[in-house]
Amino acid sequence: VAGEFERPVLLFSGGKDSIVMLHLALKAFAPAPLPFALLHVDTGHNFPEVLAYRDRVVDGHGLRLHVASVQEAIDTGRVRE
């Protein structure tokens with residue numbers, strides 16, 4: 001995926017599955033930096049500890065993070081019921 005697409009991302013919720021995927025990606029590309037960013041979809045229902053962990057991991061590994069907000073998408077009309 002990293003070699004085939006222009007802007008790949010790794011979805012990162014802070015849950016067990018995405019933590020394992022990030023760990024595997026870091027090992028697979030080591031010692032080089034990840035060739036893609038992380039994408040966190042903020043639903044507005046995250047525990048503060050999850051967001052703090054996400055930010056520590058991003059800072060600790062020097063990763064790029066994109067945050068997509070569900071509420072912002074609703075407010076701007078990009079998402080409708």
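For every chain, the first residue of the written sequence is number 1, and numbering continues from 1 onward in sequence order. Thresholds applied to this predicted model are a pLDDT of at least 70 for local features of residues and 80 or more for the giving and counting of side-chain atom pairs; totals over whole chains, interfaces and linings are not thresholded and use all residues. The basis for the side-chain values is all heavy atoms of the structure; hydrogens and waters are excluded.

Caption draft 1: Expanded view of the sheet that holds strand β2 (residues 37-42). Strand order in this open sheet of three strands is β1-β2-β3, and the pairing throughout is parallel. The two strands at the open ends of the sheet, each matched to only one other strand, are β1 (9-11) and β3 (65-69). Adjacent strand axes in the sheet meet at a mean angle of 30 degrees, parallel and antiparallel pairs treated alike. Note: two strands are recorded as paired if DSSP finds a minimum of 2 bridges between them. A helix here means a DSSP run of H or I that spans at least four residues, while a strand means a run of E at least two residues long, and both kinds are numbered starting from the N terminus. Here β1 runs beside β2; their pairing, made up of three bridges, is parallel. The residue bridging L11 from the neighbouring strand is L39, located in β2. Contacts are residue-level and defined by heavy atoms, with any inter-residue pair within 4.5 Å sufficient. Axis lines are fitted to C-alpha atoms, over the contacting stretch for helices. Their N-to-C directions set the angle, which ranges from 0 to 180 degrees. Helix α2 (residues 48-61) rests against β2 and β3 of the sheet, and its axis sits at about 155 degrees to β3.

Caption draft 2: View of unusual backbone geometry. Looking along the chain, the bond that leaves A30 and enters P31 is cis, with omega of 5 degrees. Tracing the chain through its elements places P31 in the loop between α1 (16-29) and β2.

Caption draft 3: Structural detail: α1. Over its 14 residues, α1 runs 20 Å from end to end, which matches the ideal 20 Å to within 8%, given 1.5 Å per residue. Only protein chains enter the calculation, and the probe is 1.4 Å; a residue is then buried if its accessible area is under 20% of its type maximum, exposed if over 50%, and partly exposed in between. Turning to α1, its buried residues are S18, L22 and A25. For α1, the angular spread of buried residues about the axis comes to 65 degrees, placing them on one side. Away from the buried face of α1 by more than 90 degrees, exposed residues K16, D17, K27 and A28 are located. Elements that come into contact with the buried residues of α1 comprise β1, β2 and α2. Given the number of residues in a helix, its expected span is that number minus one, multiplied by 1.5 Å. In this description, one arc is meant: the one made by directions from the helix axis to the C-beta atoms.

Caption draft 4: Spatial organisation of the pattern of salt bridges. In the sections that follow, a salt bridge refers to a side-chain nitrogen of Lys or Arg positioned within 4 Å of a carboxyl oxygen of Asp or Glu. Applying the stated criterion across every chain, the model contains two salt bridges. A salt bridge links D55 to R54; the shortest N-O distance between them is 3.0 Å. Judged by its relative accessible area of 33%, D55 falls in the partly exposed class. On the basis of relative accessibility, which here comes to 10%, the residue R54 falls in the buried class. Between E72 and R78 there is a salt bridge whose closest N-O contact spans 3.7 Å. Overall, R78 belongs to the exposed group, its relative accessible area being 58%.

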